[in-house]
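Structural overview for review
Read off the chains here:
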Amino acid sequence: MLGAVAGATAQEVTLRLGHIFADTHPIGIGATALSDYVAKESGGRMRIVVFPASQLGGLRALEDAAASGLLDITQSSAPSLQAIYEPAAVLTIPYAFRDAAHLQAAWSGSIGQKMRDDLVTQNELRVLSTFPQPPRHISANDPIANVDDLKGTRIRVPQVPSWVAFFEKIGAVPTPIELGELVTSLQLGIVTAQENPYATIESMKLSDVQTYLVPTGHVRTLDFFLLSNATYQKLPEDLRKIVMDGGVVAEKAVIAEWEKASESALARLQDAGMKLLDVDVQSIMDASGDLYKEFLTSENQKVFEEIQKIQ
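Since the structure is predicted, the reported quantities are computational estimates derived from the model, not experimental observations.

The sheet built from six strands is open, its strands ordered β7-β6-β8-β5-β9-β11 with mixed pairing. Single-partner strands in this sheet number two, and they are β7 (173–176) and β11 (275–276). Against the sheet, helix α7 (residues 161–169) engages β5 (136–140), β6 (154–157), β7, β8 (193–196) and β9 (212–219), with an angle of about 155 degrees to β7.

Written out as structure tokens, the structure reads:
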């Protein structure tokens, strides 16, 4: 299933793309857009077979397979990617980015370019598409107005070291739980809060088990489609261009889907009875202090500090 560039010596080149979401998820829609574009623009000379819903494994397995040339294209995310490319940790620190424009400026500038170059030379991975995730917010059983209200709150978080440490530092009790177990954990009271983009909160129907939306916007980070450099090198020049151009098409499709989903999700959550609260975000930021110094190497701390200077 993971053989790269199947049929490369034949008339048709078949690439394989693995991701962890359903076909209807924005990432899944982007994968379909990429596949459709490549088939059309190559006149049938190249096609991309998409394996959604973790059929080929989780993110780490997919990233490793692509880096070793066993898979052609993989979904990735900065929190997962940092396991094989340490500087990606810079993109995971809570409140690293003021807004979407700040994140885009960092990624499209010299800092992002160095990361893209490093991924090729150090990890044999080429960035095919970049998808800014919607900001992550808290949903909770009890109202939260400031950092004091978070103290002692049992909150589900993904197993991302900087995110776990962030909630510990502001006084909450972070509890890593698999996403598929979240609803049950809320129902049983194992946790009383969680954090995710609004679209995820809505798609999981958390309005059935929670009351409050707390717009903290504490994390902005990136998802990717990554192309195995081994695959790239085996492709003829014209097909290289088609697949790279297809990455841009996928990027636009995912961003559009995320924007549409995020805008409508908040309204639907409120229609379902959830209450959007006012929250003192600055009190949370102040309590987190210089969290980045605990997780980043001295070199990556300098990168983080350069990002903060971007206007």
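Counting through the fold element by element, S139 comes out in strand β5. For S139, the side chain forms a polar contact with the side chain of Q194, separated by 2.8 Å. Among the polar contacts listed, one links the side chain of S139 to the side chain of Q210, at a separation of 2.5 Å. Apart from residues no more than four positions distant in its own chain, S139 is found in contact with A193, Q194, I201, L206, Q210, Y212, L213 and M274.

Here the focus is the environment of T74. Structurally, the position occupied by T74 is in strand β3 (residues 73–77). For the pair formed by T74 and L226, sequence separation is 152 residues and the distance between their alpha carbons is 5.3 Å. If we skip the residues at most four places from it in the chain, T74 touches G18, L62, E63, A66, F224, F225 and L226.

In this section: the sheet that holds β3. Taken in spatial order, the five strands line up as β2-β1-β3-β10-β4 in an open sheet, and their pairing is mixed. Looking at which strands have only one partner, the edges of the open sheet turn out to be β2 (46–51) and β4 (125–132). The mean angle between the axes of side-by-side strands here comes to 25 degrees, regardless of whether they run parallel or antiparallel. Where strand β1 (residues 13–18) and β3 come together, two bridges link them in parallel fashion.

Taken as a class, soluble globular proteins show a tendency for nonpolar side chains to be buried jointly. Of all hydrophobic cores here, the largest spans 34 residues; its most connected members are L34, M46, I48, I73, F225 and V243. Of all the elements in the fold, those that place two or more residues in this core are β1, α1 (26–41), β2, β4, α8 (182–188), α9 (198–203), β10 (222–228) and α11 (237–271). It is α11 that contributes the most residues to this core, eight residues altogether. For I73, the residues in contact, after removing those within four places along its chain, are L15, R16, L17, G18, L34, I48, L128, F225, L226, L227 and V243. The next biggest cluster of nonpolar side chains, apart from the first, holds 27 residues, and it includes A88, L103, F304 and I307.

Between two packed helices, the angle of one axis relative to the other and the distance separating the axes together describe the packing. Look at α1 against α11: their axes get within 8 Å of each other, and the N-to-C directions meet at 145 degrees. Here α1 runs over α11; the crossing is right-handed. Facing α1, whose interface residues are P26, I27, I29, G30, A33, L34, Y37, V38 and E41, α11 presents I242, V243, D245, G246, G247, V249, A250, A253, V254, E257 and W258. Across the contact of α1 with α11, the residue classes tally to 14 nonpolar, three polar and three charged.

Right, let's get into the packing of helix α4 (residues 100–108) against helix α5 (residues 110–123). Here α4 crosses α5 at 55 degrees, and the two axes come no closer than 4 Å. If you check the angle between α4 and α5, you find them oblique. On the side of α4, the interface is formed by A106, W107 and S108, while α5 contributes I111, G112, Q113, M115 and R116. Broken down by class, the residue content of the contact of α4 with α5 amounts to four nonpolar, three polar and one charged.

Moving on to the pairing of β2. Here β1 runs beside β2; their pairing, made up of six bridges, is parallel. Counterpart to R16 in the pairing with β2 is V49. Read as a crossover between parallel neighbours, the route from β1 over α1 to β2 is right-handed.

Now for the packing of aromatic side chains. Counted by the stated rule, this structure contains five aromatic pairs. For the pair Y95 and F166, a centre-to-centre distance of 6.0 Å together with 65 degrees between the ring planes defines the contact as edge-to-face. One end of the pair, Y95, is in the loop between α3 (78–81) and α4; the other, F166, is in helix α7, with 71 residues separating them in the sequence. Here the aromatic rings of W107 and F224 are separated by 5.4 Å at their centres, their planes lie at 45 degrees, and the arrangement is tilted. Pair noted here: W107 is in helix α4 and F224 is in strand β10, with a separation of 117 residues, a long-range link. In terms of burial, W107 and F224 fall into one category: buried. Taken together, the aromatic side chains of Y95, F166 and F167 make up a single cluster linked through ring pairs. If you follow R240 out to its NZ or CZ, it ends over the ring of Y232, 4.6 Å from the centre.

Cut-offs and rules
Residues numbered from 1 in each chain as written. Predicted model: local features only at pLDDT ≥ 70, side-chain atom pairs only at ≥ 80, totals over all residues. Heavy atoms only, no water. Pairing = 2+ DSSP bridges. Helix = DSSP H or I, 4+ residues; strand = E, 2+ residues; numbered from the N terminus. Contact = heavy atoms within 4.5 Å. Axes fitted to C-alpha atoms, helices over the stretch in contact; angles between N-to-C directions. Polar contact = N/O pair within 3.5 Å; in protein donor to acceptor, adjacent residues only side chain to side chain. Core = buried A, V, L, I, M, F, W, Y, C linked by side-chain atoms within 4.5 Å. Buried < 20%, exposed > 50% of the residue type's maximum accessible area, 1.4 Å probe, protein only. Left-handed = near helix turned anticlockwise from the far one by under 90°. Nonpolar A, V, L, I, M, F, W, Y, C, P; charged D, E, K, R; others polar. Parallel < 35°, antiparallel > 145°, perpendicular 65-115°, else oblique. Right-handed = clockwise from strand over helix to strand, strands pointing away. Phe/Tyr/Trp six-rings, centres within 6.5 Å; stacked < 30°, edge-to-face > 60°. Lys NZ or Arg CZ within 6 Å of the ring centre and 35° of its normal.

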